[in-house]
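Structural description and commentary
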Amino acid sequence: MISVIIGTHGMFSEEILKSTEMIFGTQENISAVTFKPGEGIENLVEKYNQLIEKLDSKDGVLFMVDLFGGSPFNAASIIAMQNDNMEIVTGVNLPMILEVLGSRDFSSIKELLTIAENAGKDAVKVLTKNINIDVEEEIV
């Protein structure tokens, strides 16, 4: 099973994992990494490496981070660039995580990356409050 590491600024990663488990129940082979004030990229690389050793990462690792170019992303990039079976997706959100967890038993790391990207994009919706529907009646 592909392991999932959620990395974000602050406690967001831990909280979104808790929200995920409220919906999906306790999950295996997934963990959260926090980036706190005063820490640097080297701290994050160390946290990520500790989790990779702890989790079952033989099938690959998917890093799900908050911001492209942010410290959680940069630290994950240092590791992923050295490993063929590790990928990163940014913009982590709850629907994205749920879709990944529901698909990782039967998906490759590359497939899971695409699933995560599409689920994240598809999750963004806008409620249109003022819909004007013009209904023309045909007179026969």
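How each quantity is defined
Residues numbered from 1 in each chain as written. Predicted model: local features only at pLDDT ≥ 70, side-chain atom pairs only at ≥ 80, totals over all residues. Heavy atoms only, no water. pLDDT = per-residue confidence, 0-100. Helix = DSSP H or I, 4+ residues; strand = E, 2+ residues; numbered from the N terminus. Buried < 20%, exposed > 50% of the residue type's maximum accessible area, 1.4 Å probe, protein only. Contact = heavy atoms within 4.5 Å. Polar contact = N/O pair within 3.5 Å; in protein donor to acceptor, adjacent residues only side chain to side chain. Salt bridge = Lys/Arg side-chain N within 4 Å of Asp/Glu carboxyl O. Pairing = 2+ DSSP bridges. Axes fitted to C-alpha atoms, helices over the stretch in contact; angles between N-to-C directions.

Let's talk about the confidence of the model for the protein
Mean pLDDT over the protein stands at 92; residues scoring 70 or higher make up 93%. Taken element by element, the protein is modelled with least confidence in helix H5 (residues 109–122), mean pLDDT 95, and with most confidence in strand E3 (residues 61–65), mean pLDDT 98.

Considering the environment of Met86
Looking at the element boundaries, Met86 is found in strand E4 (residues 86–90). Judged by its relative accessible area of 9%, Met86 is buried. The spatial distance from the C-alpha of Met86 to the C-alpha of Glu15 is 23 Å, given a sequence separation of 71 residues. Ignoring sequence-local partners within four residues, the contact set of Met86 consists of Ile52, Val61, Phe63, Ile79 and Ala80.

A few points about helix H4 (residues 94–103)
Within the sequence span of H4, burial applies to Met96, Ile97, Leu98, Val100, Leu101 and Ser103. Residues of H4 that are buried sit in contact with strand E1 (3–9), helix H1 (12–24), strand E2 (30–35), E3, E4 and H5. By the N-cap criterion, in which a side-chain oxygen at the helix start approaches the backbone nitrogen of a residue two or three places on, H4 is capped by Asn93, the distance to Met96 being 2.8 Å.

Some words on the pattern of salt bridges
Taken as a whole and assessed by the stated rule, the structure comprises 5 salt bridges. Here Lys18 ties to Glu15 by a salt bridge, and the two come within 3.3 Å at their closest N and O atoms. Separated by 3 residues within a single helix, Lys18 and Glu15 lie in helix H1, roughly one turn from each other. Taking the relative accessible area as the measure of exposure, Glu15 reaches 39% and is therefore partly exposed. The closest approach of N and O atoms between Lys110 and Glu87, which form a salt bridge, is 2.5 Å. Here Lys110, found in helix H5, pairs with Glu87, found in strand E4; they are 23 residues apart in sequence, far enough to count as distant.

Describing the sheet that holds E1
Overall, parallel pairing links the 4 strands, which are arranged E2-E1-E3-E4 in an open sheet. A single partner strand is all that each edge strand has here, and the edge strands are E2 and E4. On average, each strand axis in the sheet is tilted by 20 degrees relative to the strand beside it, whichever way the strands run. Taken together, the 6 bridges between E1 and E2 define a ladder with parallel strand orientation. Of the residues in E2, the one forming a bridge with Gly7 is Val33. Each of E1, E2, E3 and E4 is contacted by helix H3 (residues 71–80), which is oriented at about 160 degrees to E4, the strand it contacts most.

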